[in-house]
Amino acid sequence: RFFKFTVKDAKGQHELVAWHHLIRRDSMIGRCTRAFPVFNLGTGEVNFYKDSWSPIKDIYTNDVETEADILRKLNAEKVPNIPTLLCGGVVDLDGPIVTANADLADEEWNKAREHSTLVVKRRLTFILVEEVGHSLESFESTRELMKVVGDAFLGDCSSSFLTYLD
């Protein structure tokens, strides 16, 4: 099965063809996250697409940046070992797509309403990045896996340092 879809943000749009999921929405990982390699019809390259439900505000009512916003900042600062963002943001079909569970959390019929402060409204967000990752089960050696883990630590340390400077 193939899927053809278009994603866009302020920088432009990309027509994509997808085939199989690396992470399925019904897996144990994430909140209905879907991730898969896609063929970018505009560039003729294989890229990586991910969409997920991210919080709009956390339980402390702080606004939460989207993954695309964070990648944009890290790319602008040329932080090493960070994926190259091609496009990303909030999925918008005549307005953002958001969950309704937070709106219903305080309803009288909800037996768990005493915990309603822990329920946050989420929006559907996406990223399209240049690099395509591999499953953790597909590494050919421990050395290759440790290189990836090391790169992740270097990227995190660089981004933490930038956050400290802000």
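Residues numbered from 1 in each chain as written. Predicted model: local features only at pLDDT ≥ 70, side-chain atom pairs only at ≥ 80, totals over all residues. Heavy atoms only, no water.

Participant: Mind showing me how you'd approach the sheet that holds strand β4 (residues 45-55) here?
Facilitator: What holds strands together in a sheet is hydrogen bonding between their backbones, with the strands either parallel or antiparallel. Read across the sheet, 6 strands follow the order β1-β2-β3-β4-β6-β5 without closing on themselves; strand pairing throughout is antiparallel. Looking at which strands have only one partner, the edges of the open sheet turn out to be β1 (3-9) and β5 (85-90). Here the average twist between neighbouring strands, direction ignored, is 30°. Where helix α1 (residues 67-76) meets the sheet, its contacts fall on β1, β4, β5 and β6 (122-129), and the angle it forms with β5 comes to roughly 145°. (Pairing = 2+ DSSP bridges. Helix = DSSP H or I, 4+ residues; strand = E, 2+ residues; numbered from the N terminus. Axes fitted to C-alpha atoms, helices over the stretch in contact; angles between N-to-C directions. Contact = heavy atoms within 4.5 Å.)

Participant: Would you mind going over the pattern of salt bridges with me for this structure?
Facilitator: Once their charged atoms are close, side chains differing in charge can pair, the charge on each being opposite to the other. Evaluated as defined, the whole model comprises 6 salt bridges. With a closest N to O distance of 2.4 Å, E65 and K73 form a salt bridge. By relative accessible area, E65 is classed as partly exposed at 38%. On the basis of relative accessible area, K73 is assigned to the partly exposed category, the value being 47%. Here the salt bridges do not stand alone but share partners, grouping D9, D69 and R72 into one network. (Salt bridge = Lys/Arg side-chain N within 4 Å of Asp/Glu carboxyl O. Buried < 20%, exposed > 50% of the residue type's maximum accessible area, 1.4 Å probe, protein only.)

Participant: Is there a simple way to think about α1 in this case?
Facilitator: Regarding α1, the residues found buried are A68, L71 and L74. In a view along the axis of α1, the buried residues occupy a sector of 125°, so they form one face of it. Backbone geometry just downstream of α1 places K78 in the positive-phi region, at approximately 55°. (Arc of directions from axis to C-beta.)

None of the figures reported here should be taken as evidence of function without further support.
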